[in-house]
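The chain contents come next:
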Amino acid sequence: MTEHLKCADYGPTPSISAGPVLQAVNISKSFPGVLANDQVNFELAKGEIHALLGENGSGKTTFSKMLAGLYTPDSGTIYIDGQPTALPLPRHAHAAGIFLIQQNFSLVERLTVAENIVLGLKEASLSRRKYKALVARIEEDGRRYGLDVEPSAYIWQLSMGERQRVEIIKALYRRARILILDEPTTVLTPQECKQLFAGLKRLASEDTSIIFISHKLPEIFAVCDRVTILRSGKSVTTADVREEGMSPHRLMGMMFGREITLSSKEPAEGDHAEDTLVLDEVTCHNEFGRAVVENVSFTVKKGEIFGITGVSGNGQRELAEVVAGLRRRSSGTVAIAGRTVRSGDPEDAIRAGLSYVPEDRLGTGLVPDLSISDNLVLKNAWAPPYSRFGIVDQRAVKALAVRLISQFGIAGQPQSLVGQLSGGNAQKVLLARELTSEPKVLMAGTPTRGLDVSATDVVRRLLIEAAKSEIGVLLISEDLDEVLELCDRIGVMYKGKIVGIVDRRLATPDSLGLMMTGMTA
Amino acid sequence: MIRIERRLSLKLWVRLCVPLGSLLVAFVIITLLLFLSGVGAWSTYSAMISASITSTSGLSETFVIATPIVLTGLCATMTFRMGIYNIGGEGQLYMGAMAATAVALELHGEPGYVIIIAMSVAAALAGCVWSLIPGLLRAYFSTNEILVSLMLNYVAGYFISYLIFDSRSYWRNLTSAAGQVYPIGKTIPAASWWPAPSLGGVGIPLGLMVAIVLAAVCAVCLRRSTLGFKMRTTAGSVSAARYAGLNVRRLIVVVMLISGALAGIAGAVQVGSASHALDPTGLEQVQYGYAGIIAAALGAFDPIAVFAAGLLLGAINSSGSILVGPSFPIGLTGTIEWIVLFSVISGGFLLNFRVRWRPRASGHKAGLGRGEPTVPSSSEPTPTLAGGIGISKSTQVTERGAR
């Protein structure tokens, strides 16, 4: 940080100038071993929605954190209204009117919406009159921008979409001029997305500038004015989204330097294959005695991809854990390849032929502190050929690792720690292990979440190949596009129950979206 | 602002230099301290070194003291490496000592090697029993094994005190003249005293050889065996271990049993090589169980390094007891010991992290969002004690100065 830089000092009325509200020039930032941002240039006009597009690890989040004062750039300058401004801490960014809404929200769950909104401000102690004014303000913002939330509700009672609205209202209450939204749609239903986009457009029309971080191209065309593309830490280009000849394909090409289309699977026609995974009236209660999975029944056939979708937190995760034996079921049966598996016994599910790619990739599916080779034998290190007489045969393990690393195109050495791999690479390690165990059923929980487009495509292809080789695939995903492009049949979960199971050929995003809110189509 | 960041890679020379540097720092601080307390620094050092290393009797004494510390160090290491914290080495050692004494007294007249083997087995079993309690409670009821094992240390301590001081138990010597004046334990038969074959005048206690073998076994177990693999997996992530089909509960119990057995054997060693009787006061004074935890931390939970750390602690311990005299207060020996430990452990911290200092930007003005509770998010998994002192691995652990 050089001395001549002036720190943000903005009063209640933002100064008005003709140039860009925010300009970042030659911003670089490195972390031990990685150059996360390399001479990034970025410009944000007043009242525009500007997308920051790039695959994972391209430096979008790092860049946005620097704008929000969470990281300090190693070099480069941020200009706000033409003034070079240092943002060493979040409060300086806030003073400049910059607010970052991160993927995991920073709200206090045990406080109400209103309390969260004033938390940390001078007026945090609320008199009755001030409280009324605050409630009125929240309701006003809600109507105006389609951000309706109940001011007296506690955060823990709210859905992820509602929490996001609280974050936005909180930023507006602090006179935000620049909103940065980091992958805001990952937790939303299609309907909630539409509502959010309408709100953002309204905000932009009232001169709020918005930086919209995403790797989903349709969203960018739906809501953004301009787009800046980051590729391996560098800003590649800035383009006008509404420009003639602009298309998702072109953007994708700019993102990767080449064009990629995601693999999809044709729905199977009139299949008479036998069932390989059968759930019958499965119910499961959580630690607090609440039923999180209720009377769920469905079957997955050999060679089929069966999708389970729903808004996050409606029991999908628990359902997967029940099938994997990681969670006890209260009643009902789970049968894998014709055999009923014991409740709460992961080993029994594995023996019956279940492979499971858990939602929690690093931490459940893989051990970040162990090497690639150790992770590849995580489920069978204690049996021949990988160990004899209680001693692990390092050579056999290494040979396996070398083979799978080349077969699955994992970028890493057998001894590299899995925790240091990129998300896509880690997922390849996980899939390599799960697919080589000759499973009867492959269950995958949000297997492409957080992966860039090319890694997503690899995962999709592996799932399709698994189905082709007569494995029954259960895909649990919140990504409707993914479910609609891969699955043969789709079950929608709402509050622990399956609302309905639809044939993929009859399903549309809208019909699934309605079912995700509990309405039967 | 000061930032503490985790080092991503370590060069070998750094690994070697940091512990030596730590000892140098300790040396400087201790010299200063000795100077301030008016004790001659150089004479103290030479006395310490001769009392612990260079004289044959001193080195023999060091080995005798180091052996139980190495064993309790291994006891701590085996559990800590899995993210289970058996602090109960002390109590498990007491129970081992009690069992070993009983067996030695009972087998009076048998050949020495029979008694010694029986003592070791009995002591290991007694240690197992004592570690099984926190192990089962942890595995099946998720109770905090740190608290349970720590509390059981006191139970074991009071129990052996009761055997000698407050009862007419099997262990108590009620016949000898000395025993009638002050409560002491029965001396075990001379045949059961653990031999210490002399090597160039230095006694190499049998217990030390056992400790060497056990350290090697532990090292192989942790690095090469399937048990070690399971422990590493569980330490890395309990949910991953469960997911991989491991019976984590059984694993916790097994590891606690191994750990307890090691501490129990330390008790047998102490009875066989040093006290030759159940001696509650002596055991409580030396606190080898706790010293073992320090040795384990010092050796970064690597069995071979723990062995070396145990020897270092043994040397410091034995030199300390020699130094104490009219001109050298006992407090000072303790101070010296702890300065050495503190330096080496801090050095271990610096080995895994680095502290970066950056001048803060000047002229801040607090604006609207004052005291906003936004902190850099760190979604990385919780660390384990393996390979250093467990502190968050996030690149931004602490930010100070600019609050």
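Every value quoted in this text rests on a predicted model; they were computed, and no experiment measured them.

**Details of helix H12 (residues 394-407) of chain A**
Residues and elements named next belong to chain A. Here H12 contains 14 residues, and its C-alpha end-to-end distance of 20 Å stays within 8% of the 20 Å for a straight helix at 1.5 Å per residue. Within H12, the full set of buried residues consists of Val397, Leu400, Ala401, Leu404 and Ile405. With its buried residues spanning 130° around the axis, H12 presents them on a single face. Counted as exposed and oriented over 90 degrees from the buried face of H12: Arg395, Ser406 and Gln407. One or two positions beyond H12, positive phi appears at glycine 409, with a value near 60°.

**Structural notes on helix H13 (residues 423-435) of chain A**
All names here are of chain A. In this model H13 runs 18 Å from its N-terminal to its C-terminal C-alpha over 13 residues, within 8% of the 18 Å that 1.5 Å per residue would give. Across the 13 residues that make up H13, a large majority, 12, are buried. Looking only at H13, the buried set comprises Gly424, Asn425, Ala426, Gln427, Lys428, Val429, Leu430, Leu431, Ala432, Arg433, Glu434 and Leu435. In this structure, the buried side of H13 is in contact with strand S17 (354-357), helix H11 (372-376), H12, strand S20 (441-445) and helix H14 (453-468).

**Details of the domain arrangement of chain A**
Considered domain by domain, chain A is made up of domain 1 (1-97 + 177-259), domain 2 (106-174), domain 3 (261-353 + 439-521) and domain 4 (366-436). Distance between the C-alpha centres of domain 2 of chain A and domain 3 of chain A: 36 Å.

**Examining the sheet that holds strand S21 (residues 472-476) of chain A**
All names here are of chain A. The strand order across the open sheet formed by 6 strands is S17-S20-S21-S14-S22-S23, and the pairing between neighbours is mixed. Whereas interior strands pair on both sides, the edge strands pair on one side only; in this sheet they are S17 and strand S23 (497-503). Put simply, the sheet's adjacent strands are angled 15° from each other on average, direction ignored. In this structure, strand S22 (residues 489-494) lies alongside S23, joined through 6 bridges in antiparallel fashion. Bridged to arginine 489 within S23 is aspartate 503. Packing against the sheet, H14 makes contact with strand S14 (305-309), S20 and S21, and its axis sits at approximately 150° to S21.

**Some points on the nonpolar core**
Taken as a class, soluble globular proteins show a tendency for nonpolar side chains to be buried jointly. The biggest cluster of nonpolar side chains holds 186 residues, and the ones touching the most others in it are Leu475 of chain A together with Leu71 and Leu262 of chain B. The element that contributes the greatest number of residues to this core is helix H11 (residues 248-275) of chain B, accounting for 14 residues. Not counting residues up to four positions away in its chain, the partners in contact with leucine 71 of chain B are Ala211, Leu214, Leu262, Ala263, Ile265, Ala266 and Val269 of chain B. Core analysis: the second largest hydrophobic core is formed by 64 residues, Ile78, Leu87, Tyr145 and Met255 of chain A among them.

The rules behind the values
Residues numbered from 1 in each chain as written. Chains lettered and ligands numbered in written order. Predicted model: local features only at pLDDT ≥ 70, side-chain atom pairs only at ≥ 80, totals over all residues. Helix = DSSP H or I, 4+ residues; strand = E, 2+ residues; numbered from the N terminus. Expected span 1.5 Å × (residues − 1). Buried ≥ 20, exposed ≤ 12 C-beta atoms within 10 Å, placed from the backbone. Arc of directions from axis to C-beta. Contact = placed C-beta atoms within 7 Å. Domains from an automatic or database assignment. Pairing = 2+ DSSP bridges. Axes fitted to C-alpha atoms, helices over the stretch in contact; angles between N-to-C directions. Core = buried A, V, L, I, M, F, W, Y, C linked by C-beta atoms within 7 Å.

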